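# Architecture at a glance
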Amino acid sequence: MKDINKIHTNQVYCPLAWYSLTWQKSWKIGICCMNNLGCSDLELWHISQKSFSELWNGEKMKKIRLNMLQGMKSAYCEPCYRKESFWLESLRTKAIGYYGDQTKNFIECTSDNGEYDGSIQKLDLRLSNLCNLACRMCTWDSSTSRIELDKSLWIQTMTDAYTNEPYDTENFWSDIEKLSQVHTFKFAGGEPLMNPNFYKLLEKLIILWKANTLRIEILTNLTVLPGINGYKNFLFGDYGNIFEILWEFQSCQFQISIDGYEKSYEYIRIWSNWDNVKKNILSVHEISKAQKKFSIGFMPTVQKDNIYDFPKLYLFAHSRDIWIDIKPLVRPEYLSIIHLSEWEKEKITQYYNACIKKYKNKAPKIEKDLNYILQYMNSHASKDEYIKQYYEKSKIMD
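Report follows, based on the coordinates.

### Quick notes on the overall build of the protein
In terms of helices and strands, the protein carries 16 helices and 12 strands. When the accessible surface of the protein is totalled, it reaches about 18500 Å², and 49% of it is carbon and sulfur.

What follows is the structure in structure tokens.
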């Protein structure tokens, strides 16, 4: 029997290779949402060629599992290795925290060739790139609203691009029905809450499965809430609003993709409105307090354009007992707080230390969390090329 502690600390093991699959946009399948789509081999992971079950114990998955158990790196996992090189918590390290207690079972059920005699437990569906915002750190493949902007910024020859959705195909649903051990479905985009196919998916899950045994996670900008706060209700059947259909499931977690506070929020998230999203946040928050099956958390990326306002967003969440998962932005590099000038880093360090001193009694975790950001910011010297790019790209987006 392999030493579990050694596997957890071998810097490559990730339990997600035994736990989940992610349906990326353009019908590609990965281990997780961080899978390196720049890796050419991943282009063969295409749902039109193989089913979920075939991919689950296909040659590539078996090889990745063996690599992880032997302490060998895989090209698919490069984004997590990169984050960890900056002393950041990665999805890999988080997954060990979440699912590490299952490692013993994963190993015992894995044969010498990497085949795992166990089922997919979580399916992460990236619905499409349909989105109503053009966030500064985003790209066209995650938001249709970025297409024209990215033509100006990067790809002058790019044509209009919209990633198709295969969810109405017979093969998709016949494949889904075989995944009886899946207990969690995560939905992202684009923006899933403005996508009618998201609601079709929920309805089919209710019909095909015991919905009250399923956990739902939604990564959303929360700029729309169908049937709530005056937003149009385009749900099917007799559901009056989004919470009525989500009530059918065991639980639902709203993971709010939010960056900045008030003016910095609107600056980063082009075409957004702080007052509207705040109203929606408070609506979900009130429902989550009254009904325990609903929960809400913030998933901000800390970057140049929100570094000064981040403590305000942090305190907004803390005062309402909303959990917050802090992710310093790694790409695009010109927006990374690593590439701030040295005098600005010193100014931010002084400001954050003042915030810690002022609020640590009210928000005990603020010292650890703000120091985590400072540690990342000061982990490497800034590069002039990225400082220059920041002003050039910002001018175009402004």
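### Describing the layout of surface pockets
Here the second largest pocket defines a volume of roughly 260 Å³. Breaking the lining of the second largest pocket down by element, the ones donating at least two residues are α5 (91–99), β11 (323–324) and α15 (366–377). At three residues, α15 tops the list of elements feeding residues into the lining of the second largest pocket. Residues of the lining of the second largest pocket, tallied by class, amount to five nonpolar, no polar and six charged.

### Some words on the sheet that holds strand β6 (residues 215–220)
Pairing within the open sheet is mixed, and its eight strands lie in the order β2-β1-β3-β5-β6-β7-β9-β11. Two strands bound the open sheet, and with one partner strand each, they are β2 (29–30) and β11. Pairing of strand β1 (residues 20–23) with β2, which is carried by two bridges, proceeds in the antiparallel orientation. Its bridge partner being in β2, W23 is matched across the sheet by I29. Of the strands in this sheet, β5 (184–188) and β6 are in contact with helix α9 (residues 196–208), which crosses β5 at around 170°.

### Considerations on helix α4 (residues 78–85)
Burial within α4 is extensive, with six of its eight residues counted as buried. Within α4, the full set of buried residues consists of P79, C80, Y81, R82, K83 and E84. Turning to α4, the residues buried within the fold contact α5 and β12 (327–328). W87 sits one or two positions beyond α4 and adopts a positive phi of about 65°.

### Quick look at the packing of aromatic side chains
Applying the stated rule across the entire model yields 21 aromatic pairs. Both rings, one in F187 and one in F198, keep their centres 5.1 Å apart while their planes meet at 70°; by these two values the pair is edge-to-face. A residue pair is termed long-range when its members are at least 10 positions apart, and F187 in strand β5 and F198 in helix α9 qualify at 11 residues. Since its relative accessible area comes to 0%, F198 is described here as buried. Through successive ring pairs, a cluster of aromatic residues spans Y13, W18, W56, F106 and Y116. Lying over the aromatic face of W56, R65 brings its terminal NZ or CZ to 4.9 Å of the ring centre. Looking at R136, its charged tip hangs above the ring of Y267, at a distance of 3.6 Å from the centre.

### Comments concerning empty space enclosed by the protein
By the definition in use, this model includes two cavities of 30 Å³ or more. The volume enclosed by the largest cavity comes to roughly 110 Å³. Along the walls of the largest cavity sit 14 residues, with C14, C32, C77, C80 and R92 positioned nearest its centre. When residues in the lining of the largest cavity are grouped by element, the largest group, three residues, is from α4. Residues that form the lining of the largest cavity fall into these classes: 12 nonpolar, one polar and one charged.

So, how was this worked out
Residues numbered from 1 in each chain as written. Predicted model: local features only at pLDDT ≥ 70, side-chain atom pairs only at ≥ 80, totals over all residues. Heavy atoms only, no water. Helix = DSSP H or I, 4+ residues; strand = E, 2+ residues; numbered from the N terminus. Areas by Shrake-Rupley, 256 points an atom, 1.4 Å probe, with all protein chains shown as cover. 1 Å grid on protein atoms, 1.4 Å probe; cavity = no way out; pocket = protein on both sides within 12 Å on 5 of 7 lines; lining within 4 Å. Points joined across faces, edges and corners; volume = space filled by probe spheres on them. Nonpolar A, V, L, I, M, F, W, Y, C, P; charged D, E, K, R; others polar. Pairing = 2+ DSSP bridges. Contact = heavy atoms within 4.5 Å. Axes fitted to C-alpha atoms, helices over the stretch in contact; angles between N-to-C directions. Buried < 20%, exposed > 50% of the residue type's maximum accessible area, 1.4 Å probe, protein only. Phe/Tyr/Trp six-rings, centres within 6.5 Å; stacked < 30°, edge-to-face > 60°. Lys NZ or Arg CZ within 6 Å of the ring centre and 35° of its normal.

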